[in-house]
Amino acid sequence: NLSFVGTSGGVNNNNNNNNNYKGNLASIEWLNMASKVTSGSYRLKAGIKSSSKIEEVNIFVNGQSHRGISAVNNDGYDMLVDKELDLVLGSNTIVVEVKNAAGLAKTEKIISYVKSTRTVKGCIVDNNGKPVVGATIIAPDSQYGAVSDIKCNFTINIPNDVYRLHVSYVGMNEKEVPVEDFMRI
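Now for a description of the structure that goes with this document. Being a predicted model, the structure only gives us computed values, none of them experimental.

A few points about the sheet that holds strand E12 (residues 136-138)
With respect to topology, four strands assemble into an open sheet ordered E13-E12-E15-E16, the strand pairing being antiparallel. Each edge of the open sheet carries a strand with a single partner, namely strand E13 (145-147) and strand E16 (175-178). Averaged over neighbouring strand pairs, the angle between their axes works out to 25° when direction is ignored.

Okay, structure coming up:
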């Protein structure tokens, strides 16, 4: 029988700030507390203290097993896990499992992955300098987009790694332009 902080079952998933597991079998301490990630990877660091020799440590991200865990004795822990993990946009569930002779302990943490964005503003005009109402402005290969208003203005939030915008309007040639803070297209 395992005892977990905040639960009566086999996983500590109470989603508080640390989600550390402490029980008779082992303790697992999250050493990095990021709740939001702005790049595509997350560096997992977890310290493990075990009541007996650790046989196996497994890490799962959204149900997928991650191999190649770097684990060493360090900093007063029986094992220190240090692993770079790829995340998907949105919510990610990271599970750390520790198996020893006494059984299995695990804890999970929910981490949000959001892309850093910036705001770009501009105005869409035709060849004569007249406002184009209803032009579509999109960041290629993304879900980010905007439409020009009655005065030709648009505002679009785009990821920091987007450097070009695609502009289109019915009856006009499509155009792909480099991103600037204020754009007159």
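Things to note about the environment of Glu29
Relative to the helices and strands, Glu29 is located in strand E2 (residues 26-30). Separated by 17 residues in the primary sequence, Glu29 and Ala46 have C-alpha atoms spaced 5.4 Å apart.

Overview of the sheet that holds strand E11 (residues 117-123)
Ordered in space as E14-E11-E17, the three strands form an open sheet in which the pairing is mixed. At either end of the open sheet lies a strand with only one pairing partner, and these are strand E14 (153-159) and strand E17 (182-184). Sheet twist, expressed as the average angle between the axes of neighbouring strands with direction ignored, equals 30°. Pairing geometry for E11 and E14, over seven bridges, is antiparallel. Directly across from Thr119, in E14, lies its bridge partner Asn157.

A look at the side chain of Ser50
Along the polypeptide, Ser50 turns up in strand E4 (residues 41-50). One polar contact links Ser50 to Asn100, side chain to side chain, over a distance of 2.8 Å.

Considering the state of the cysteines
Following the criterion strictly, the structure yields one disulfide and no others. Here Cys123 is linked by a disulfide to Cys152, with a sulfur-sulfur distance of 1.6 Å. Where Cys123 bonds to Cys152 through sulfur, the torsion about that S-S bond is close to -75°, and the disulfide is left-handed. Of the two residues, Cys123 is situated in strand E11 and Cys152 in the loop between E13 and E14; the sequence distance between them amounts to 29 residues. We note that Cys123, like Cys152, is buried.

The rules we used
Residues numbered from 1 in each chain as written. Predicted model: local features only at pLDDT ≥ 70, side-chain atom pairs only at ≥ 80, totals over all residues. Heavy atoms only, no water. Pairing = 2+ DSSP bridges. Helix = DSSP H or I, 4+ residues; strand = E, 2+ residues; numbered from the N terminus. Axes fitted to C-alpha atoms, helices over the stretch in contact; angles between N-to-C directions. Polar contact = N/O pair within 3.5 Å; in protein donor to acceptor, adjacent residues only side chain to side chain. Disulfide = S-S within 2.5 Å. Buried < 20%, exposed > 50% of the residue type's maximum accessible area, 1.4 Å probe, protein only.

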